[in-house]
Amino acid sequence: ALAAADDPLAGGAAPHSLEDAWARAFFQSPALKLESRFIALSRDAGDCGARGFAPGQPLLHGLFRVERAPAPGAPLLAAWAPPPATVAFFERIARWGYPWRLMDGGRHEFGVGAEVDADGMVEVRFSCAHDYQWVAEEGERQKTVPEWVKRAHRVFAMWLLDESVKAVKRRAEEVDRERND
């Protein structure tokens, strides 16, 4: 179902690889689209990769920017960054003693395992990295976001991953039923 040309998860345009199809399925997540609409104060979610991905392409109203387009064996790499003024504000108060620092941004990678099993199943992957400014005076005890924020971010990522995998499984079951009818 990941690579089906008529798959609604692909937005009508055929994916070029399993990596492309997985990234599209992830960006079609209802929760991620809702986040995009909320942040952009918009009725639509913006570009969810329905027509593919290209370096520099903004996704979800600019929430993400494509760094590397997906291709066979190469996962999608998308970067994100909060507004510079927001980062500067937290940087300023962190230097005045505030115990945390806001991320400067980060990257997400959406990959697919190399092997397809006998049932057509593949391993899908989602990874995340956060960028922070290094402040020499803080040494090895660099300020970051609070632990509860890190945990909430991991839980949200797991929810998005689960939601996307379930959508792909539902679509695979629909395709199997259509083929058997």
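Look a little higher up for the structure.
Residue positions are given per chain, counted from 1 along the sequence in the order it is written. Only residues with pLDDT of 70 or above have their local features reported here, since the model is predicted, and side-chain atom pairs are shown and tallied only from 80 upward, although totals for entire chains, interfaces and linings are computed over all residues. Only hydrogens and water are set aside when side-chain values are computed; all heavy atoms of the structure are taken into account.

**Details of the packing of aromatic side chains**
Here is step 1: Between 30 and 60 degrees the pair is tilted, below 30 it is stacked and above 60 it is edge-to-face, where a pair is any two Phe, Tyr or Trp rings, Trp via its six-membered ring, whose centres lie within 6.5 Å. Counted by the stated rule, this structure contains 12 aromatic pairs.
Here is step 2: Seen in terms of ring centroids, Phe26 and Phe110 are 4.8 Å apart; in terms of plane orientation they differ by 55°. Their pairing is tilted. Residue Phe26 is found in helix 1 (residues 18–27), and its partner Phe110 is found in strand 4 (residues 105–112); the two are separated by 84 residues along the sequence. There is no split in this pair, since Phe26 and Phe110 are both buried.
Here is step 3: Measuring from centroid to centroid gives 4.9 Å for Phe26 and Phe126, while their planes differ by 15°, and the two rings are stacked. A residue pair is termed long-range when its members are at least 10 positions apart, and Phe26 in helix 1 and Phe126 in strand 5 (residues 124–131) qualify at 100 residues.
Here is step 4: Three or more aromatic residues link up through ring pairs in this structure, and these residues are Trp22, Phe26, Phe27, Phe53, Phe64, Phe110 and Phe126. We count a stretch as a helix when DSSP gives it H or I for four or more residues in a row; a strand needs E for two or more, and each element gets its number in order from the N terminus. Residue burial is assigned from relative accessible area. The probe radius is 1.4 Å, only protein chains are included, and a residue is buried under 20% of its type maximum, exposed over 50%, and partly exposed in between.

**Brief notes about the packing of helix 1 against helix 4 (residues 147–180)**
Each pair of packed helices gets described by two things: the angle between the helix axes and the distance between those axes.
Here is step 1: For every element, the axis is a line fit to its C-alpha atoms; helices are fit only across the contacting stretch, and the angle between N-to-C directions ranges from 0 to 180 degrees. Two elements in contact, helix 1 and helix 4, have axes separated by 9 Å at closest approach and are oriented at 115°. Accordingly, the angle class assigned to the pair helix 1 and helix 4 is roughly perpendicular. Between helix 1 and helix 4 the crossing geometry is right-handed. Between helix 1 and helix 4, the contacting residues are Trp22, Ala25 and Phe26 on the first element and Leu160, Leu161, Ser164, Val165 and Val168 on the second. With respect to orientation, any angle under 35 degrees is reported as roughly parallel, any angle over 145 as roughly antiparallel, any angle of 65 to 115 as roughly perpendicular, and every other angle as oblique. Should the near helix be turned counterclockwise from the far one by less than a right angle, the crossing is left-handed, whereas a clockwise turn marks it as right-handed. Between two residues, a contact is recorded if the distance between any of their heavy atoms is within 4.5 Å.

**Section: helix 3 (residues 84–95)**
Here is step 1: Take the residue count of a helix, subtract one, and multiply by 1.5 Å to get its expected span. Look at helix 3: 16 Å from first C-alpha to last across 12 residues, which is about the 16 Å you get at 1.5 Å a residue.
Here is step 2: When helix 3 is considered as a whole, its buried residues turn out to be Val87, Glu91, Ile93 and Ala94.
Here is step 3: Two residues or fewer after helix 3 comes Gly97, characterised by a positive phi angle close to 120°.

**Let's talk about the pairing of strand 3 (residues 76–80)**
Here is step 1: With 5 of 5 residues buried, strand 3 lies mostly within the body of the structure.
Here is step 2: Side chains of strand 3 alternate between two faces, with Leu76, Ala78 and Trp80 and Leu77 and Ala79 buried alike.
Here is step 3: Here, strands pair whenever DSSP counts at least two bridges between them. In the sheet, strand 2 (residues 64–68) pairs with strand 3 via 3 bridges, with the strands oriented antiparallel. Along strand 3, the bridge assignment pairs Arg65 with Ala79.
Here is step 4: Pairing of strand 3 with strand 4, which is carried by 5 bridges, proceeds in the antiparallel orientation.

Functional significance is not addressed by these values, which are geometric in nature.
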